[in-house]
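# Chains, contacts and geometry: an overview
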Amino acid sequence: MCGIVGIISKEAIKASSIKKMNDVISHRGPDGEGFLLCGNVKNDDHLNNAEQIESKNINITFGHKRLSIVDLSSQGHQPMSFIDRYWITYNGEIYNFIELRQELKELGYKFNSQTDTEVILAAYDAWGVDCQKKFNGMWAFAIYDNRAGTIFMSRDRFGIKPFYYYQDDQSFIFSSEIKSILQNEQVITSPNTNNIETYYNSGAQEYSKETAFNNIYRFNMASYAVLDITNFTDELSETRYWDYDVNTSIESYRHDEALKYAKEYYSLLKDAVRIRLRADVDVGSALSGGLDSSAIVYLINEIRKEEKKSYTIQTFSTVHHSKETKYCDESYYINLITNILDIKSNQIEPEINEIPKLHNDVIKHWESPPDGTGMSGINTYRLVSQSKVKVTLDGQGADEQQAGYVTYVINYLYHIPLLKLFSEYKKIKKIQGFHKSLIVGLLLSLACKVFGKFFALKLIKFITNRDMSSYTVSLNERLKLDSNSDLVNLIHYSDSRSMLYSLESRMPFMDYRLVEFTAKIPFIYKIHNGWTKYFARLAFEGKLPDEITWRKDKMGWPSPDKHWFEGELKNWSLSSINDSKFLQEKILKNIPKKDLSKIGLKKYIRLFNISVWHKVFFEE
């Protein structure tokens, strides 16, 4: 887990340019630094930790900031070379590198380190671009092949590790973070107003090609590109190397089938956790108290006992004990699971006077205005940074695969036969928090069955002023849509907040084997008898306490934003909004100041986030 930067240019490059880019992402890798200088690169900064090689065709510089997780020795130093042909700058973890290394050894490859980095290089030499399909992990990397004259760039299947780039007719510049690219004097950018307006109206879109900065783009997830260094200024051509199918069948529920799916799911998740425990540093877990994070903690504990390891498991949680913020508190469930498993629970409660500084850090490191404030996540990882733990296993991604959110009830009811519709309605009604989605789902399903889909959608839009077409696709199709959109936002936030504190966040639910398996489970086993995530609950029945396995409410790591922004933080946030010329000229031109209170808390926080984002990146 690290930070990467690179410049490919037709013109001479100053080493100080790559050094500036590297310095600004020091938080991503405080344990080491290295550079590759290739071609006409002037070492004006007198870099001692740089390798210089010749190139007659092009000028290339790679930079790297290292966070040491696997093989802490100097043999893990990057940029790393292999068989005098390849150079890599790499950020991430390949969790199955031990198995791949053995496979490569049988093909005759030899290794000088215990790192996954060297395995990537050997795998590329052995299998070419198909090596990506063998990797189980998260990554963003660039490999320079000095014999072929190409640079092979790749990003993991779910976009867990960030990869941004800027391209003009002279240069191709990339980095793990946008703020690093901004350090390069060649980069010409400005606020991407269309992107910001879309964010204000519809929320964050960390999955889109465009960013909040003009001319700076995201490298697509699950994609690769092979750059010809003699002709690299053409528009970047990315190729997708992975996708998955979903099961759209409508089946009748069978309990023996549900148990079979639950058993296989448990086995896959356990192995996903097992390989993500591979590290030469202390490992812990962020714990919210819900089913997903509790399942991860339970499996870590089971694996620890099976492997007869003596280390102490630690969890890290944000709690809310004060009377005004109690509605966001999950400490009862957190204490329940940690006490039963007899593991160490670390807890933190946000201090309101610390929020302005923390919020500024959120905006600076997330680099695009986020949905909400992210205070629960940022405080949790701040707490982790105060311990010896450097890696956390976290529960991100389960809800979008297993139908964990209440709105998925709408898709579920839409595909239920009319004869079963009201019986399912009654079962779901018993579960807390479903009322609004339940009513909408019932109306949509009845309207479509009576009037047909076309007229039903028009009727529902007239009643609710909402386009409900995404709720008429099969539940599994909807889950895939959300996994490729909303979940990508959450993944980006997880990476940014953990790396802010030089920590590595690993996500067992994003193991591609588990994602492919879950997508093929018929939807009837994901919502059943009123319960979301039904097969996953079955998998942990008798393992976790029933109060967690069959917990009715879902909180999702909330922050008491309403209490804060309607109380002590109101004047602070309002003055930031009112003082922002960018907001007044680009976003608020049609909204009188007196009407700000009418736009709702969600859009109010978006406006506030935009004002801080513009100040951080374009005023300061």
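The structure contained in this document is the topic of the report that follows. Every value quoted in this text rests on a predicted model; they were computed, and no experiment measured them.

About the thresholds
- Residues numbered from 1 in each chain as written.
- Predicted model: local features only at pLDDT ≥ 70, side-chain atom pairs only at ≥ 80, totals over all residues.
- Heavy atoms only, no water.
- Core = buried A, V, L, I, M, F, W, Y, C linked by side-chain atoms within 4.5 Å.
- Buried < 20%, exposed > 50% of the residue type's maximum accessible area, 1.4 Å probe, protein only.
- Contact = heavy atoms within 4.5 Å.
- Axes fitted to C-alpha atoms, helices over the stretch in contact; angles between N-to-C directions.
- Helix = DSSP H or I, 4+ residues; strand = E, 2+ residues; numbered from the N terminus.
- Parallel < 35°, antiparallel > 145°, perpendicular 65-115°, else oblique.
- Left-handed = near helix turned anticlockwise from the far one by under 90°.
- Pairing = 2+ DSSP bridges.
- Patch = residues over 30% accessible without salt bridge, like charges linked within 9 Å, V, L, I, M, F, W, Y side chains within 5 Å.
- Areas by Shrake-Rupley, 256 points an atom, 1.4 Å probe, with all protein chains shown as cover.
- Salt bridge = Lys/Arg side-chain N within 4 Å of Asp/Glu carboxyl O.
- Polar contact = N/O pair within 3.5 Å; in protein donor to acceptor, adjacent residues only side chain to side chain.
- Phe/Tyr/Trp six-rings, centres within 6.5 Å; stacked < 30°, edge-to-face > 60°.
- Lys NZ or Arg CZ within 6 Å of the ring centre and 35° of its normal.
- Expected span 1.5 Å × (residues − 1).

## Structural notes on the nonpolar core
Phe135, Phe141, Ile143, Tyr265, Leu269, Val273 and Phe540 are the most contacted members of the largest nonpolar core, which has 107 residues in total. Setting aside residues no more than four positions away along its own chain, phenylalanine 135 makes contact with Ile94, Asn96, Leu100, Ile120, Ala123, Phe141, Arg157 and Tyr512. Listed in part, the 59 residues of the second largest apolar core include Leu37, Tyr604, Phe608 and Trp613.

## A look at the packing of helix H23 (residues 570–579) against helix H25 (residues 601–619)
Following both chains from N to C, one finds H23 and H25 inclined at 60°, their axes separated by 8 Å at the closest point. The pairing of H23 with H25 is recorded here as oblique in orientation. Remark: the crossing between H23 and H25 carries left-handed chirality. Of the residues in H25, those in contact with Lys570, Trp572, Ser573, Leu574, Ser576 and Ile577 of H23 are Tyr604, Leu607, Phe608, Ser611 and Val612.

## A closer look at the sheet that holds strand S7 (residues 80–82)
Strand order in the open sheet made by the 6 strands is S7-S8-S9-S10-S14-S15, with antiparallel pairing throughout. The open sheet is flanked by S7 and strand S15 (239–240), the only strands paired with a single partner. Each of S7, strand S8 (86–94), strand S9 (137–145) and strand S10 (150–155) is contacted by helix H3 (residues 116–127), which is oriented at about 120° to S8, the strand it contacts most.

## Some words on a nonpolar patch on the surface
There is a patch of nonpolar side chains on the surface, built from Val450, Phe451, Phe454, Phe455, Leu459, Phe462 and Ile463 and spanning about 840 Å² of accessible area. For the nonpolar patch, the elements supplying multiple residues, two or more each, are helix H15 (435–451) and helix H16 (453–464). With 5 residues, H16 is the single largest residue contributor to the nonpolar patch. Within the secondary structure, phenylalanine 462 sits in helix H16.

## Observations regarding the sheet that holds strand S16 (residues 282–286)
Judged by pairing direction, the sheet is parallel, and its 5 strands sit side by side in the order S18-S17-S16-S19-S20 without closing on themselves. With partners counted over all chains shown, the strands left at the sheet margins are strand S18 (344–348) and strand S20 (504–506), one partner each. Strand-to-strand twist in this sheet, taken as the mean axis angle between neighbours without regard to direction, amounts to 30°. Sheet topology note: the strand S17 (residues 314–318)/S18 ladder contains 5 bridges and is parallel. Considered in S18, the bridge of threonine 315 is made with serine 345. The sheet contacts of helix H8 (residues 291–306) involve S16, S17 and strand S19 (389–393), and relative to S16 the element is tilted by about 150°.

## Quick notes on unusual backbone geometry
A cis amide bond, omega -5°, links glutamine 78 with the succeeding residue proline 79. Considering the arrangement of structural elements, one finds proline 79 in the loop between strand S6 (59–66) and S7. The phi angle at alanine 222 is positive, at roughly 55°, despite the residue not being glycine. Using a relative accessible area of 0% as the deciding quantity, one classes alanine 222 as buried.

## Focus: the side chain of arginine 85
Among the secondary structure elements, arginine 85 is positioned in the loop between S7 and S8. A relative accessible area of 16% places arginine 85 in the buried class. Here the side chain of arginine 85 touches tyrosine 86 through a polar contact of 3.4 Å, side chain to side chain. Discounting chain neighbours no more than four positions away, the residues touching arginine 85 are Asp125, Tyr144, Asp145, Asn146, Arg147 and Ala148.

## Quick look at the packing of aromatic side chains
Inspection of the entire model under this criterion finds 37 aromatic pairs. On the basis of an interplanar angle of 35° and a centroid distance of 5.9 Å, the ring pair of tyrosine 405 and tyrosine 408 is categorised as tilted. Residue classification places tyrosine 408 among the buried residues on the basis of a relative accessible area of 1%. Ring pairs connect the aromatic residues Phe62, Phe163, Tyr165, Phe172, Phe174, Tyr217 and Phe219, which therefore count as one cluster. Positioned above the aromatic ring of tyrosine 261, the side-chain terminus of lysine 260 is 5.5 Å from the ring centre. The ring of tyrosine 266 carries the charged tip of lysine 543 above its face, separated from the ring centre by 4.7 Å.

## Details of the pattern of salt bridges
Proximity of charged atoms lets side chains of opposite charge pair with each other. What the rule picks out here adds up to 38 salt bridges. When salt bridges with common partners are traced through the structure, they connect Arg28, Lys161, Glu177, Lys179, Glu367 and Asp495 into a single cluster.

## Re helix H10 (residues 355–366)
Between its first and last C-alpha, H10 extends 16 Å over 12 residues, near the 16 Å set by a 1.5 Å rise per residue. Along H10, the residues that are buried comprise Ile355, Leu358, His359, Asp361, Val362, Ile363, His365 and Trp366. Packed against the buried residues of H10 are helix H5 (178–181), helix H11 (375–385), helix H18 (486–500), helix H22 (561–565), H23 and H25. Positive phi shows up at glutamate 367, right after H10, with a value of about 70°.

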